[in-house]
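For reference, the chains in residue letters:
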Amino acid sequence: MSPAQKHSTAEEVNAEACPVIQSLEQIGSQWRLAVLHDLLEGERRFNELKRSTGANARTLSRVLDDLGETGFVDRRIEEDAPIATYYSLTEKGESLEPVFEEIDCWASSWLDLEEGALAD
């Protein structure tokens, strides 16, 4: 195979992987995944997300802004005293539920096997 053919093949592989890579860039950080997974259970206030994810306020704020900008999360402000900010998944965010279910199935199968292998 010539170098030109190898280059062409690599470009084809990268083109096929591109949607996967782009998707992971939007949802792939530890904190984004934790927030998205948490919000699958329903609307949450900022402090509820902070407690459940273990993220500090600055990190959580940045992650929620990022997820809002990419269309995964909606923010709702309730101005009655006390003022509260609520976060929920958009339709785009909710569409990730089967992805999380598949990851959970994969983890149940493979992580248990790896832990068993490590114990041997």
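Scroll up to find the structure.
Now for a quick tour of the structure. All values reported here derive from a predicted model rather than from experimental measurement. (Residues numbered from 1 in each chain as written. Predicted model: local features only at pLDDT ≥ 70, side-chain atom pairs only at ≥ 80, totals over all residues. Heavy atoms only, no water.)

Below, the discussion takes up the overall build of the chain. What the chain contains, in helices and strands, is six helices and three strands. For the chain, the N- to C-terminal ordering of α and β elements is α-α-β-α-α-β-β-α-α. For the chain, the proportion of its 120 residues judged to be buried stands at 22%. Long-range pairs, those at least 24 residues apart, make up 47% of the contacts in the chain between residues at least 6 apart in sequence. Put simply, the chain shows about 8,700 Å² of open surface, and 51% of that area lies on carbon and sulfur atoms. (Helix = DSSP H or I, 4+ residues; strand = E, 2+ residues; numbered from the N terminus. Buried < 20%, exposed > 50% of the residue type's maximum accessible area, 1.4 Å probe, protein only. Contact = heavy atoms within 4.5 Å. Areas by Shrake-Rupley, 256 points an atom, 1.4 Å probe, with all protein chains shown as cover.)

Scanning all chains against the criterion turns up zero aromatic pairs. Looking at Arg 76, its charged tip hangs above the ring of Tyr 86, at a distance of 4.4 Å from the centre. If you follow Lys 92 out to its NZ or CZ, it ends over the ring of Phe 72, 4.5 Å from the centre. (Phe/Tyr/Trp six-rings, centres within 6.5 Å; stacked < 30°, edge-to-face > 60°. Lys NZ or Arg CZ within 6 Å of the ring centre and 35° of its normal.)

Here we have three strands laid out as an open sheet, ordered β1-β3-β2, and antiparallel in their pairing. Two strands close off the open sheet at either side, each with one partner strand: β1 (44-45) and β2 (73-78). Note: β1 against strand β3 (residues 84-89), two bridges, orientation antiparallel. Pairing of Arg 45 across the sheet is with Tyr 86, part of β3. (Pairing = 2+ DSSP bridges.)

The next thing to look at is the side chain of Thr 53. With respect to the helices and strands, Thr 53 occurs in helix α3 (residues 46-53). A polar contact of 3.2 Å, which involves the side chain of Thr 53, links it to the backbone nitrogen of Ala 55. Setting aside its immediate chain neighbours within four residues, Thr 53 contacts Trp 31, Ala 34, Val 35 and Asp 38. (Polar contact = N/O pair within 3.5 Å; in protein donor to acceptor, adjacent residues only side chain to side chain.)

By themselves, these are just geometric observations and shouldn't be taken as functional.
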